[in-house]
Amino acid sequence: MKILAKLTAVETKLLVREPGAAFTLLIPLFILVVFGGEITEGDAVLLPMAVTIAIGLVGLYLLPTTLATYRERGILRRLSVTPVRPGNLLTVQLLLQLVLTAAAVALLLFVGIGVLGAHAPGPAGFLAASALGTAAMFSVGLLIAALASNGRSANGFGVLLYFPLAYLGGLMQPADRMPDILASIGRYTPMGALRQSLHGVWSGGVLAPLPLVTMAVYAVVLSFVAARYFRWE
């Protein structure tokens, strides 16, 4: 337990110093504040979008880049011959990334609801949608980390994948203004499914099963594939 505590403390310090961590916190907040003047009329659109952006940035950008960089630098290989097994480092990293995601979402909720006056979503539906969405996004990030040869390529793949998913998911343009075929495809992307679920939560409706099933399938299937192909060095 002492080793894990020290490892957690070290990794926390490294994450706090990582510019990407601040980036994932500030970009969604900036979008929320800039477009938040009429949030009382559009909070069912803007807040789901901002929360989805925050979760996507951690899952597709920060998580895979960190893990691939550790492998590239031989950190995971060196840990394999010490009491701190590489699996412990991966577990700590996943937990820290989850904490960062929760902090980003909490900040958005605080500003959106407490400062800008948006109405609060139903807690049960919000937690269910956010948890499944985070699992789906993280599974994509783990797959990128498993397949990327180094941290730079993981970063590039994450950014390259982020923008098409964000567009198809209705984060760059409202889904009802997109071509029907693209809007239909977007419903089955992890970002699109998460945005739909959060929109339903903020609109006061019942969570639709299809987006939840879509996110669950991504989480299970891609996590399995990532575990199958992940290399320690």
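Criteria and thresholds
- Within every chain, residues take consecutive numbers counted from 1 along the sequence as written.
- Selection of residues for local features in this predicted model requires a pLDDT of at least 70, selection of side-chain atom pairs for listing and counting requires 80 or more, and totals for whole chains, interfaces and linings are taken over all residues.
- The basis for every side-chain value is the complete set of non-hydrogen atoms in the structure, without hydrogens or water.
- Under the scheme used here, helices are H or I runs from DSSP no shorter than 4 residues and strands are E runs no shorter than 2 residues, and both carry numbers assigned from the N terminus.
- Both definitions apply: the radius of gyration is a C-alpha atom measure, and the globule rule equals 2.2 Å times residues to the power 0.38.
- Using a 1.4 Å probe on the protein chains alone, a residue whose accessible area is under 20% of its type maximum counts as buried, one over 50% counts as exposed, and one in between counts as partly exposed.
- Residue contacts follow a heavy-atom distance rule, with two residues in contact if any of their heavy atoms lie within 4.5 Å.
- With residues, only the protein chains shown are counted as cover, and all accessible areas are computed by Shrake-Rupley using a 1.4 Å probe.
- Only centres within 6.5 Å qualify two rings of Phe, Tyr or Trp (six-membered ring in Trp) as a pair; their planes then separate them into stacked at under 30 degrees, edge-to-face at over 60, and tilted for everything else.
- Two limits define a charge over a ring: the Lys NZ or Arg CZ must be within 6 Å of the ring centre, and within 35 degrees of the ring normal.
- UniProt positions are given in the numbering used here, feature names are shortened, and annotations may be inferred rather than shown by experiment.
- Patches in this entry comprise residues that are over 30% relatively accessible and not in a salt bridge; like charges within 9 Å are linked, as are nonpolar side chains (Val, Leu, Ile, Met, Phe, Trp, Tyr) within 5 Å.
- Between Lys or Arg on one side and Asp or Glu on the other, a salt bridge is scored when a side-chain nitrogen of the former is within 4 Å of a carboxyl oxygen of the latter.
- Angles run from 0 to 180 degrees between N-to-C directions of axes, and those axes are lines fitted to C-alpha atoms, restricted for helices to the stretch in contact.
- For classification, angles of less than 35 degrees are called roughly parallel, those exceeding 145 degrees roughly antiparallel, those between 65 and 115 degrees roughly perpendicular, and all remaining angles oblique.
- Crossing handedness is defined as follows: a turn of the near helix away from the far one that is anticlockwise and smaller than a right angle gives a left-handed crossing, while the clockwise case is right-handed.
- Under the grouping applied here, Gly and all other residues not named as nonpolar or charged are polar, the nonpolar ones being Ala, Val, Leu, Ile, Met, Phe, Trp, Tyr, Cys and Pro and the charged ones Asp, Glu, Lys and Arg.
- We count Lys and Arg on the positive side and Asp and Glu on the negative side, and we leave His and both chain ends out.
- Residues adjacent in sequence count toward polar contacts only when both atoms are side-chain atoms; beyond that, a polar contact is any pair of N or O atoms within 3.5 Å, and within protein one must be able to donate a hydrogen and the other to accept it.

### Some words on the overall build of the protein chain
Argument step 1. Helices and strands together make up the secondary structure of the protein chain, namely 10 helices and 0 strands.
Argument step 2. Its helices and strands taken in sequence order, the protein chain reads α-α-α-α-α-α-α-α-α-α from the N to the C terminus.
Argument step 3. In terms of overall size, the protein chain behaves like a compact globule, its C-alpha atoms giving a radius of gyration of 18 Å where 233 residues would be expected to give roughly 17 Å.
Argument step 4. Within the protein chain, the fraction of its 233 residues that count as buried is 48%.
Argument step 5. At a minimum sequence separation of 6, the contacts of the protein chain that also span at least 24 residues come to 76%.
Argument step 6. For the protein chain, the accessible area works out to roughly 11,600 Å², and carbon and sulfur atoms hold 70% of it.

### Digging into the packing of aromatic side chains
Argument step 1. Across all of its chains, the model carries 3 aromatic pairs by this definition.
Argument step 2. Seen in terms of ring centroids, tyrosine 162 and phenylalanine 163 are 5.5 Å apart; in terms of plane orientation they differ by 85°. Their pairing is edge-to-face.
Argument step 3. Residue tyrosine 162 is classed as buried on the basis of its relative accessible area, which comes to 10%.
Argument step 4. The class of phenylalanine 163 is partly exposed, set by a relative accessible area of 45%.
Argument step 5. The cationic tip of arginine 71 hangs over the ring face of phenylalanine 230; the distance from NZ or CZ to the ring centre is 5.4 Å.

### Examining the UniProt feature "transmembrane region" (unreviewed entry) in the protein chain
Argument step 1. UniProt records the feature "transmembrane region" (unreviewed entry) at residues 21-39, 45-68, 89-118, 124-147, 154-172 and 206-230, using the numbering of this structure.
Argument step 2. Spanning residues 89-118, this segment combines 90% helix with 0% strand, and its end C-alpha atoms are found 39 Å apart.
Argument step 3. Overall, residues 206-230 shows 84% helix and 0% strand. The separation of its end C-alpha atoms is 38 Å.

### Here's the deal with a nonpolar patch on the surface
Argument step 1. On the surface, Val213, Val217, Val220 and Val221 cluster together to form a nonpolar patch covering roughly 340 Å² of accessible area.
Argument step 2. Summarising the element assignment, valine 217 is placed in helix H10 (residues 209-229).
Argument step 3. In this structure valine 217 comes out as partly exposed when scored by relative accessible area, which is 45%.

### Observations concerning the packing of helix H6 (residues 123-147) against H10
Argument step 1. One way to put it is that H6 packs onto H10 with a least axis distance of 8 Å and a crossing angle of 25°. Classed by the angle they form, the pair H6 and H10 counts as roughly parallel. The crossing of H6 and H10 is left-handed. Between H6 and H10, the residues in contact are Ala129, Leu132, Gly133, Ala135, Ala136, Ser139, Val140, Leu142, Leu143, Ala146 and Leu147 and Leu212, Met215, Ala216, Tyr218, Ala219, Leu222, Ser223, Val225, Ala226 and Tyr229, respectively.
Argument step 2. Within the contact of H6 with H10, the residues separate by chemical class into 18 nonpolar, 3 polar and no charged.

### Let's talk about the environment of threonine 214
Argument step 1. By the element assignment, threonine 214 lies in helix H10.
Argument step 2. Sequence separation between threonine 214 and alanine 193 is 21 residues, and the spatial gap between their C-alpha atoms is 6.7 Å.
Argument step 3. Once you skip the residues sitting within four places of it in the chain, threonine 214 turns out to touch Arg187, Tyr188 and Ala193.

### Concerning the environment of glycine 56
Argument step 1. Mapped onto the elements, glycine 56 comes out in helix H3 (residues 39-72).
Argument step 2. The class for glycine 56 is buried, based on a relative accessible area of 0%.
Argument step 3. A sequence separation of 24 residues divides glycine 56 from leucine 32, and the C-alpha atoms of the two residues are 15 Å apart.

### Description of the environment of leucine 62
Argument step 1. Along the chain, leucine 62 falls in helix H3.
Argument step 2. Spatially, the C-alpha atoms of leucine 62 and phenylalanine 157 are 12 Å apart, while their sequence positions differ by 95 residues.

### Focus: the side chain of glutamate 11
Argument step 1. Residue position: glutamate 11 is located in helix H1 (residues 2-17).
Argument step 2. An unpaired buried charge is present at glutamate 11: no salt bridge exists, and arginine 73, the closest side chain of opposite charge, is 9.6 Å distant.
Argument step 3. One polar contact links glutamate 11 to glutamine 93, side chain to side chain, over a distance of 2.6 Å.

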